[in-house]
Amino acid sequence: MTRIRNPRALIDRKALVARLEELAGWSGWSAKTRPQVLDIFKEVLASGRAEVRRRFEEDKVTGPEATRAQAYLMDQLIRTVLDFSVQHVYPVANPTKGEQLSAAAIGGYGRGELAPFSDIDLMFILPYKSTPHTEQVVEFILYMLWDLGLKVGHSTRSVDDVLRLARSDQTIRTSVLEARWLWGDDALFKDFKKRFQAEIVATTGREFVESKLGERDSRHSRMGDTRYVLEPNIKEGKGGLRDLQTLFWIAKYLYQVEEVDQLVAKGVLTPEDARRFAKAETFLWTVRCHLHYVAGRPEERLTFNVQEEIGRRMGYRDRAGSRGVERFMKHYFLVAKDVGDLTRILCAVLEEDNKKRRFKLPGLSFLKRNLPGLRVAGGRVSIDDEAALKKDPLLILRLFHEAQRLQIDIHPHALRMVTQNLGLVDARLRDDGEANRLFLEMLCDLPEPEEALKRLNEADVFGRFIPDFGRVVAQMQYDMYHVYTVDEHTIRAIGVLSRIASGAMEGDCAVACEAIKEIESLRALSVAVLLHDIAKGRGGDHSELGAQVARKLGPRLGLTDWEIETVSWLVLHHLVMSATAFKRDISDAKTIADFVERVQSPERLRMLLVLTVADIMAVGPNVWNSWKGNLLKDLYYESLAAMTGGLPTAHRSARVEQAKLALRARLESWAEADVERHLALGNLNYWLSFDTATHVQHAGLVRRAAEEGRELLIESRADVARDATEVIIYAPDHPGLFAQIAGAMALGGANIVEARITTLNNGMALDTFLVQDAGAHAAIDDEPRMKRLCASIESALSGTRHLRKELAEAIHKMLPSRTQVFTVPPRVLVDNEASRQFTVIEVNGRDRPGFLYDVTRACTDLGLQIASARISTYGERAVDVFYVKDVYGLKVDGEEKLERIRKRLLLAVAPEA
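Worth saying up front: this structure is predicted, and the values here are computed from it rather than measured.

A. Fine view of the pattern of salt bridges. Per the counting criterion, the structure on display carries 70 salt bridges. Arg216 is the salt-bridge partner of Asp217, the closest N and O atoms lying 3.1 Å from each other. The buried category is assigned to Arg216, whose relative accessible area is 15%. Of the charged contacts in the structure, one is a salt bridge between Asp674 and Arg677, with a shortest N-O distance of 2.4 Å.

This is the structure in structure tokens:
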């Protein structure tokens, strides 16, 4: 128990009681006195809270010290309120036994831990049922605490009621397990604790342990079942405070201890285990207290917008090559990992210790099977003994290999043995051919490689056996695009690859499932997925540095020269396919030609496709969608056809004629003259950019506009394959049309994810936009929203809206976004080599409402004609690519003109814009 230093500076209870006695003695108790009493309590509470915060923020006391000081403050306050109630408000000269009352703190408050804005949980214990007097006293206490602004959870029960409820409800049982006497009848509380221990705890150990571990697993599942999310819940998340508390609840229940150090004396934990527990608890409580104070409320999620500030408060400063916030979060994830280690250790000890008492956790019958140095116990693989492990360190790899091969769990006792002997994973073991064969087999050949690699990582074996991987363990990717740490992302990508190979992902990415069947070396592909991000956080281009790691590590793993070269190439180019698909116009022949020149072979193309899909899918939930899948599929098939001499990239004029013939066949009900007139409207790019169904839709739209005499027509349809709504706008073409549409869509709450700009030969624009709702989910499919969006576009194109002013007002009214914590340096790239017909402009910056409007408006001001666009958002980063021509319909030429474009667009996307 942490000792409270200088408690009178927190609250001087004698002085407080004297002030209350003086007030009560002077005027007596009445309704008029209550506000004065409340004011005294408010003053004392505010003063005590300020002192707790001052000690924490200025004196730098630890989180546990602050929480115990906060609990002490509340203890003294509640005791004084209770005394005042029974002495001055509802005094009884000779209280009967039925009027006895004991107040107890339960839950976290019962442990003597109270975060700055946490609730206070109280239990009022009665000998029998409630009497009018005890009801009045409890009501006064509660109303006084509520009026002080405290959040109070409470119950009033007899001892029999508490025991009956605790017997049937695990939540109540857990909360009263840590009940702590506050004030009132001490004997009554002791009687309750004695009976609770004898009647509940002594007979329900196994039931309690199973319940708590089950609750933990369910909670982890709700929170994503990983401790490596980049915005973790410090209280409920995996590896957080609740996991530590669960460990102690189990130990307390089984061993009747009040402090973790007592578990050392009982042989449950080693002194080192206890130190790790204390360090984890201190770190997590300190972070939680900072989080409460920064947020000004009981916030438990460590979101991006507070991480940097909390890291700064805890002394994590920026250094050359690493940011303070990244080091702070890495420390957090390592602590969360320690909590997982402690869980396994305690489970192992409980199992070994309680076998003697016939207390067994689920599945603990011991059925032996002979394996060299290993044994299978109760459906779990274990190591014979520590001496065998030290004699043959290869058993460490064999342990994980056998668990994966047999598809069974690893005994926690064996995991503890491994973690206590990690020094055996040294240079000799890393260079051992058999060890590397086992590792590669786990990665490439055995089922469930994701689960196996997670086990290796949790036990710290992975990072020691592959030291380059150890450098990215708990490595944060500080942006809003990536959801997991680098190691977690990599292991998940391996899992995705395994599911693609098994065909389980056909519904999500059929083209990758098809391509992987023709790949010659799945081993090379698996190693490439393992290494694609291995050099993150080192400074420099992680793709180039990762390729160097691949060349160094490949021979050690036993790869052939061809495999090493292929892995290195894949790591070097692992971002090329997504960059081409998402940033370039695939219908432009130059795009395909440049991509094919870089990839060179169908085998590399297939491997690069699967690697790209696995990489994107492992970024986080909802990152992969059908729209991305279709872009990659189109690029894959176009490139494969170009490599194998197929039709799609050759004979473009023939393809145009085929497109026209296909449309003509679908317009058989039209008069011949009308068909010819419509076919004359499209240019070469138009016929190559859309499929026959879209050409038919366009023809109907153009004809309807002519028949109705309308110059503006908007149609929309849900594009299920691309998780978006397709909006087609037919309007007179003019400079700034794209900008007006972009501004109107921003005001209408739509995100543009793709734009295809077409100008027909009659001077009309036929622009197609793929849009998603503000949450980047599927189609905007409800009719009222779609009508509002169309009305917004129509009013913008008619000139009745002041888009710039309205967007500025809308942005001003918006609540602060989490993206504001990130700095995305604006960047403009102008490329005259990527296309034969167009100048390609790529604009990068921090995403915000109106970003696309500002960029396209600047393009209009520069006299640029936008032919097509690729609009992408990666978390807080907007990456928009435009294919443009100048006012004469030519590429933009001349360095002076290009520099003017760069400067103007940089100005448009600058943060102050």
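B. Structural context of the sheet that holds strand S1 (residues 102-105). Strand order in the open sheet made by the four strands is S3-S2-S1-S4, with mixed pairing throughout. Edge positions in the sheet fall to strand S3 (152-158) and strand S4 (180-184), since each of these pairs with one other strand and no more. Averaged over all neighbouring strand pairs, the angle between strand axes comes to 25°, with direction disregarded. Direction of pairing for S1 relative to S4: antiparallel, over a ladder of four bridges. In the sheet register, Ala103 faces S4, and the bridge partner there is Trp183. Packed onto the sheet, helix H6 (residues 159-168) meets strand S2 (120-126) and S3 and runs at close to 110° relative to S3.

C. How the structure looks around a nonpolar patch on the surface. Where nonpolar side chains cluster on the molecular surface, the patch consists of Val887, Tyr888 and Leu890 and spans about 380 Å² of accessible area. With respect to the helices and strands, Tyr888 occurs in the loop between strand S16 (877-885) and helix H40 (895-909).

D. Inspection of the nonpolar core at higher detail. Counting 155 residues, the largest nonpolar core has Phe400, Phe439 and Ile500 as its most contacted members. Counting residues per element, this core draws most heavily on helix H14 (residues 324-355), which supplies 13 residues. With residues near it in sequence (within four places) discarded, Phe400 still touches Ile410, Leu415, Met442, Arg455, Leu456, Ala459 and Val461. Counting 50 residues, the second largest nonpolar core, distinct from the first, contains Ala739, Ala765, Val855 and Leu862.

E. The arrangement of the sheet that holds strand S12 (residues 764-773) in detail. Spatial ordering of the open sheet is given by S9-S10-S12-S11-S15-S16-S14-S13, a layout of eight strands whose pairing is antiparallel. Of all the strands in the sheet, just strand S9 (713-719) and strand S13 (827-831) have a single pairing partner and so form its edges. Here the strands of the sheet are splayed against their neighbours by 25° on average, with no regard to which way each runs. Of the strand pairs in this sheet, strand S10 (residues 724-732) and S12 are connected by eight bridges, and their pairing is antiparallel. Residue pairing for S12: Ile728 is matched across the bridge by Thr768.

F. Spatial organisation of helix H3 (residues 63-89). The first and last C-alpha atoms of H3 sit 37 Å apart over 27 residues, in line with the 39 Å expected at 1.5 Å per residue. Within H3, 22 of the 27 residues are buried, which leaves the element mostly enclosed by the surrounding structure.

G. A look at the packing of helix H16 (residues 395-406) against helix H20 (residues 449-458). Packing of H16 against H20 brings their axes to within 10 Å, and their N-to-C directions diverge by 155°. The angle between H16 and H20 places the two elements in the roughly antiparallel class. Like other packed secondary-structure pairs, H16 and H20 cross with a definite hand, here right-handed. Across the interface between the two elements, Phe400, Ala403 and Gln404 of H16 pack against Pro449, Ala452, Arg455 and Leu456 of H20. The residue inventory of the contact of H16 with H20, partitioned by class, reads five nonpolar, one polar and one charged.

H. Broad picture of unusual backbone geometry. At Asn6, a residue that is not glycine, the phi angle is positive and equals roughly 45°. Even without being a glycine, Gln256 presents a positive backbone phi close to 50°. Structurally, the position occupied by Gln256 is in the loop between helix H10 (241-255) and helix H11 (261-265). For Gln256, a relative accessible area of 45% corresponds to the partly exposed category.

Rules used in this analysis
- Residues numbered from 1 in each chain as written.
- Predicted model: local features only at pLDDT ≥ 70, side-chain atom pairs only at ≥ 80, totals over all residues.
- Heavy atoms only, no water.
- Salt bridge = Lys/Arg side-chain N within 4 Å of Asp/Glu carboxyl O.
- Buried < 20%, exposed > 50% of the residue type's maximum accessible area, 1.4 Å probe, protein only.
- Pairing = 2+ DSSP bridges.
- Helix = DSSP H or I, 4+ residues; strand = E, 2+ residues; numbered from the N terminus.
- Axes fitted to C-alpha atoms, helices over the stretch in contact; angles between N-to-C directions.
- Contact = heavy atoms within 4.5 Å.
- Patch = residues over 30% accessible without salt bridge, like charges linked within 9 Å, V, L, I, M, F, W, Y side chains within 5 Å.
- Areas by Shrake-Rupley, 256 points an atom, 1.4 Å probe, with all protein chains shown as cover.
- Core = buried A, V, L, I, M, F, W, Y, C linked by side-chain atoms within 4.5 Å.
- Expected span 1.5 Å × (residues − 1).
- Parallel < 35°, antiparallel > 145°, perpendicular 65-115°, else oblique.
- Left-handed = near helix turned anticlockwise from the far one by under 90°.
- Nonpolar A, V, L, I, M, F, W, Y, C, P; charged D, E, K, R; others polar.

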